[in-house]
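Overview (structure and organization)
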Amino acid sequence: MSILRPLPERLRPAQLEYFVGQAHLRARLGNLLKAQRLPSLLFFGPPGCGKSTIALLLANAHSDKVLRLSAPEAGLQSLRRALVNVEVLVLDEIHRFSKAQQDFFLPAVESGDITLLATTTENPSFSVTRQLLSRLHVLRLRPLTVEELKELLSRGLGELGITLEQEAQEMLAMLAHGDASTLFNLLEYIVR
């Protein structure tokens, strides 16, 4: 791993057992990892709670033909070309697509030609078309707890090879407001 990669990316777990948080989904995620066929899913929750990480864990466990995109960077023409030979699409921020753009996925998801693993921070009842939403299983994620953030902070400290007093660790975990990305970015900022 490159030291130049941001800390949140360097610490992204490659296996579910190293994932922290979302205890209410743990059994469901374990079943999805073992499933013969992965259904199309929509991960809904606040920033930094693990939506993209879970999507990537599931995608990589089911296929080696995975494409990850962020909706703001993907136009439909380039998306059509990029989806050739892709089995699983991890699409961050699907709420950024217009309703017409979201409808682009309907035939491929319906036929099973592609498994869509989409993420959103916006309420899917308002930000995702009803037609597409009816073809996705929605998993709601929660903000991380202070204890979960402290566990992640411990990993970050180990990665950076530094120590912090308990009081400072507690403060960082509280300042992150349930967001692991914010936590790691704060940690990187204070050690610079």
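These lines cover the structure that appears in this document, whether it is placed above or below. This one's a predicted model, so the numbers in the text were calculated from it and none came from an experiment. (Residues numbered from 1 in each chain as written. Predicted model: local features only at pLDDT ≥ 70, side-chain atom pairs only at ≥ 80, totals over all residues. Heavy atoms only, no water.)

1. Points about a nonpolar patch on the surface
Cut-off, in case you're wondering: Residues form patches when they are more than 30% accessible in relative terms and have no salt bridge. Like charges link within 9 Å. Nonpolar side chains (Val, Leu, Ile, Met, Phe, Trp, Tyr) link within 5 Å. A 1.4 Å probe and the Shrake-Rupley method give the accessible areas. Residues count as covered only by the protein chains that appear here. For salt bridges, the criterion is a side-chain nitrogen of Lys or Arg within 4 Å of an Asp or Glu carboxyl oxygen. Only DSSP runs of H or I reaching four residues or more are called helices, and only runs of E reaching two or more are called strands; each is numbered from the N terminus.
Taken together, the side chains of Tyr-189, Ile-190 and Val-191 make up a nonpolar region of the molecular surface, amounting to roughly 310 Å² of accessible area. If you trace the backbone, Val-191 turns up in helix H11 (residues 180-191).

2. Some points on the packing of helix H9 (residues 146-160) against helix H10 (residues 166-175)
Quick note on the threshold: Between N-to-C directions, angles cover 0 to 180 degrees, with each direction set by a line fitted to C-alpha atoms, over the stretch in contact for helices. Note that the term roughly parallel is reserved for angles under 35 degrees, roughly antiparallel for angles over 145, roughly perpendicular for angles of 65 to 115, and oblique for everything else. Should the near helix be turned counterclockwise from the far one by less than a right angle, the crossing is left-handed, whereas a clockwise turn marks it as right-handed. Contact between two residues is taken to exist if any of their heavy atoms lie within 4.5 Å; hydrogens are not considered. For this classification, the nonpolar set comprises Ala, Val, Leu, Ile, Met, Phe, Trp, Tyr, Cys and Pro, the charged set comprises Asp, Glu, Lys and Arg, and every other residue, Gly included, is treated as polar.
The interhelical angle for the contact between H9 and H10, taken along N-to-C directions, is 120 degrees, at an axis separation of 9 Å. When the interaxial angle is binned, H9 and H10 end up oblique. Like other packed secondary-structure pairs, H9 and H10 cross with a definite hand, here right-handed. Together, Val-146, Leu-149, Lys-150, Leu-153 and Leu-157 of H9 and Gln-169, Glu-170, Leu-172, Ala-173 and Met-174 of H10 make up the contact between the two elements. Classifying every residue of the contact of H9 with H10 by side-chain character gives seven nonpolar, one polar and two charged.

3. Focus: the environment of Asn-123
We count it as follows: Side-chain atoms alone can form a polar contact between residues adjacent in sequence; in general such a contact is a pair of N or O atoms within 3.5 Å, and within protein one must be able to donate a hydrogen while the other accepts it.
Structurally, Asn-123 is set in the loop between strand S4 (115-120) and helix H7 (124-127). As for Asn-123 and Asp-103, which are separated by 20 residues in sequence, their C-alpha atoms are 18 Å apart. From its side chain, Asn-123 meets the backbone nitrogen of Ser-125 in a polar contact 2.9 Å long.

4. Digging into the sheet that holds strand S1 (residues 41-44)
Which entries qualify depends on this criterion: Two strands are said to pair when DSSP picks up at least two bridges between them.
On the basis of which strands lie adjacent, the open sheet formed by five strands has the order S2-S3-S4-S1-S5 and parallel pairing. The sheet is open, and its two borders are formed by strand S2 (66-70) and strand S5 (137-140), each paired with just one other strand. Going from strand to strand, the sheet's axes swing by 15 degrees on average, the running direction of each strand aside. With four bridges joining them, S1 and S4 adopt parallel strand pairing.

5. Here we look at the pattern of salt bridges
Counted only if it meets this: Each residue gets one of three labels from its accessible area relative to the maximum for its type: buried under 20%, exposed over 50%, partly exposed in between, using a 1.4 Å probe on protein chains only.
Within this structure, the stated rule accounts for nine salt bridges. The residue Arg-12 makes a salt bridge to Glu-9 at a minimum N-O spacing of 2.9 Å. Among the residues examined, Arg-12 registers a relative accessible area of 23% and is labelled partly exposed. Accessibility expressed as a relative area gives 28% for Glu-9, which makes it partly exposed.

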